[in-house]
Amino acid sequence: MTTLADRPAAAATPVADPAPPRLTDWDSTLAFRRDPYRFIGRHAAALGTEVFETRLLWRPTLCLTGIKAARLFYDPARFQRAGAAPGALQATLFGRGGVQGMDGAAHRRRKALFVALTEPAAVDDLVAEVRRAWQAAWPAPGASAPFSLYHFAQPVLTHAVCRWAGVPLPAAELPLRTRQLVCLFDGAAGGLAAHLRARWARRRLEAWLTRAVEASRAGRGGLVAGSAAERIARHADGTGRPLPARVAAVELLNLLRPVVAVSVYLSLMGQALHVHRGERAWLLQPLPDPAEREARRRAFVQEVRRHYPFFPAVAARVCADFTWQGVAFRRGQRALLDLYGTCHDPRAWADPWTFRPQRFEHDERPPPFALIPQGGGDAATHHRCPGEGIASRLMGLVLQLWLDEDGLGWHVVGDPPALAMDRLPALPLGGLVVEPVARPAAALIV
Ligand code: HEM
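Worth saying up front: this structure is predicted, and the values here are computed from it rather than measured.

(A) Expanded view of the sheet that holds strand E8 (residues 334-338). Spatial ordering of the open sheet is given by E1-E2-E8-E5-E3, a layout of 5 strands whose pairing is mixed. At either margin of the open sheet sits one strand with a lone partner, and together these are strand E1 (51-56) and strand E3 (79-80). In terms of strand pairing, E1 meets strand E2 (residues 59-65) through 6 bridges, oriented antiparallel. Across the sheet, Phe52 pairs through a bridge with Cys63, a residue of E2. This element, helix H2 (residues 39-47), spans E1, E2, strand E5 (313-318) and E8 of the sheet and lies at about 80° to E2.

(B) Examining helix H9 (residues 192-217) more closely. If you check H9, its first and last C-alpha atoms are 37 Å apart, about what 26 residues at 1.5 Å a residue would give, namely 38 Å. Within the sequence span of H9, burial applies to Ala198, Ala201, Arg202, Leu205, Glu206, Leu209, Ala212, Val213 and Ser216. Structurally, H9 contributes buried residues whose contacts are with helix H4 (87-94), helix H8 (174-185), helix H10 (228-234) and helix H11 (245-275). Gly219 occupies a position one or two residues after H9 and carries a positive phi of about 75°.

(C) Main features of helix H13 (residues 290-307). The first and last C-alpha atoms of H13 sit 26 Å apart over 18 residues, in line with the 26 Å expected at 1.5 Å per residue. Residues of H13 that are buried include every one of Arg296, Ala299, Phe300, Val301, Gln302, Glu303, Val304, Arg305, Arg306 and His307, and no others.

(D) Up close: the environment of Cys162. Assignment of secondary structure puts Cys162 in helix H7 (residues 149-165). A count of 23 C-beta atoms within 10 Å places Cys162 in the buried class. C-alpha separation for the pair Cys162 and Ala225, spaced 63 residues apart in sequence, amounts to 14 Å.

(E) Highlighting the nonpolar core. Judged by nonpolar contacts, the single largest core of 120 residues is most densely connected at Phe73, Val161, Leu256, Tyr265, Leu337 and Met395. Non-local contacts of Leu256, meaning those with residues more than four positions away in its chain, are made with Val161, Cys162, Ala165 and Leu181.

(F) Here's a closer look at the pairing of E5. The pairing of E3 with E5 spans 2 bridges and is antiparallel. In the sheet register, Gln80 faces E5, and the bridge partner there is Arg317. As judged from the 5 bridges shared by E5 and E8, these two strands associate in the antiparallel manner. Looking at the pairing, Ala315 lines up with Leu336 of E8.

(G) Layout of the sheet that holds strand E9 (residues 410-412). Spatially, 3 strands are ordered E4-E12-E9 in an open sheet, and the strand pairing comes out antiparallel. Edge positions in the open sheet fall to strand E4 (147-148) and E9, since each of these has one partner strand only. Pairing analysis gives 3 bridges linking E9 to strand E12 (residues 433-436), with the strands arranged antiparallel. Residue Val412 lies in a different strand from E12, and its bridge partner there is Val434.

(H) Molecular detail of the confidence of the model for the protein. For the protein, per-residue confidence averages 92 on the pLDDT scale, and residues scoring 70 or more make up 94% of the total. Across residues 1-15, confidence stays below pLDDT 50; counting only partners more than four residues off in sequence or on other chains, it has 13 contacts.

(I) Molecular detail of the site of the ligand. As a matter of local geometry, the ligand sits amid 26 residues, with Pro258, Gly375, His383, Cys385 and Gly387 nearest to it. If you list the elements that add at least two residues to the shell around the ligand, you get helix H5 (104-117), H11 and helix H15 (388-403). At 7 residues, H11 tops the list of elements feeding residues into the shell around the ligand. Taken together, the residues of the shell around the ligand sort by class into 17 nonpolar, 7 polar and 2 charged.

(J) Molecular detail of unusual backbone geometry. The omega torsion of the bond from Leu424 to Pro425 falls at 0°, within 30 degrees of zero and hence cis. For Pro425, the position within the fold is in the loop between strand E10 (419-420) and strand E11 (427-428). A positive phi is found at Leu57, a non-glycine position, where the angle reads about 50°. As for its position among the elements, Leu57 is in the loop between E1 and E2. For Leu57, a count of 13 C-beta atoms within 10 Å gives the class partly exposed. Positive phi is not limited to glycine here, since Asp351 has a value of about 50°. Within the element layout of this structure, Asp351 appears in the loop between helix H14 (339-342) and H15.

(K) Structural context of the packing of H7 against H11. At a minimum axis distance of 8 Å, the contact between H7 and H11 shows a crossing angle of 150°. For the element pair H7 and H11, the recorded crossing hand is right-handed. Where H7 abuts H11, its residues Leu149, Tyr150, Ala153, Gln154, Leu157, Thr158, Val161, Cys162 and Ala165 lie against Leu255, Leu256, Val259, Val260, Val262, Ser263, Leu266, Ser267 and Gly270. Among the residues making up the contact of H7 with H11, the classes are represented as 13 nonpolar, 5 polar and no charged.

About the cut-offs
- Residues numbered from 1 in each chain as written.
- Predicted model: local features only at pLDDT ≥ 70, side-chain atom pairs only at ≥ 80, totals over all residues.
- Pairing = 2+ DSSP bridges.
- Helix = DSSP H or I, 4+ residues; strand = E, 2+ residues; numbered from the N terminus.
- Contact = placed C-beta atoms within 7 Å.
- Axes fitted to C-alpha atoms, helices over the stretch in contact; angles between N-to-C directions.
- Expected span 1.5 Å × (residues − 1).
- Buried ≥ 20, exposed ≤ 12 C-beta atoms within 10 Å, placed from the backbone.
- Core = buried A, V, L, I, M, F, W, Y, C linked by C-beta atoms within 7 Å.
- pLDDT = per-residue confidence, 0-100.
- Near = placed C-beta within 6 Å.
- Nonpolar A, V, L, I, M, F, W, Y, C, P; charged D, E, K, R; others polar.
- Left-handed = near helix turned anticlockwise from the far one by under 90°.

Written out as structure tokens, the structure is:
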């Protein structure tokens, strides 16, 4: 069992020991892999600390958890992103040269592009595309064998986001591009074979989009004029020169990939509806005011994002020596902030392990470092995800499609599926296998 390493006796000098508590395992990569979402929170609780040190991927790594640690982690005077992400993730999930690895003024200039592309009017357009695609693809009751919600959502989202972003995608290419985009977030941290497939998928996707960017710049089509994709192709970071075409392709993938990844949240939201029957009944109460019904749907979405796992942690590097809570942080050290554990921090959340959407009914905006499944702080100036509006709105849309009286409901086939917490991302087993029902009234979604 992992325990605290022996620490030097402090009797002679009554000053705080600046070394963080350490796990005794030489390297914790396998332990982290076995339980990626709870690894940091569990050890921090056992050690009675918000920061401890271990080795991950053979490198000493500081692990931080909780709302106070999150505030610290997003202080750009103390942590930077350049050089923080493991190479294996750069080769798959993120790509190289993109916004995730930038700092300071250069980061803010690149980030401004994403903030502009995800402004509310643009999100409205994406929601409309997804609504059309979802309604067109949803099978009539009895017209299809049971299917996984996760796999159903992926081509729908790929089709919709490519149309919205202005990336031409012939129908015959939809299955291939969907598979490749999914590989980037559902394979990067899988076994060796899945990881190699994710690397290959990124190479193919970057090559495809690099060609489209070059064609667009040369006036040979490639991307739809005036679209989000074309804005990325023309973006200059304030230098007067457009980004290298390969970097523009990486940033375009930063728009396409995460929209397809909303399929993870949709499966988790289906699981939540299926499992939490009291909360489902609360959601379905026939309230006369449509605004109140919508407020409840928004609260349900927020609680799915808080309660369920997605990314376990984010990485940064200490960029200046400092002391926090009596622990010395040294320049160059790698640090991981526990996203999942912070969303369950008892100092920020009452009854944190209970799924209770009512907590958001009258207060949808928790403090900026408490609800951090998509990062913390301010999205315009820090690394917080610019796609929170997109994820929340798409989840709200699909929830409404499921629950409307004349909507597109389903019921789960077979036994209630368990949540696989040892995979990345965590998912209901089988991606939640369902079949459509004729009248999706509340009682039928069981
Ligand atoms: C599917 C649900 C999503 C989850 C769980 C998620 C999660 C995250 C997380 C954890 C980060 C890192 C925060 C940090 O480094 O501190 C991030 C960053 C980012 N996300 Fe999302 N995201 C999602 C959806 C989206 C969407 C729909 C977009 C589309 C615009 C998007 C675009 C980005 C970009 C460009 C960054 C990098 C921001 C930066 O480094 O400044 N994400 N996301």
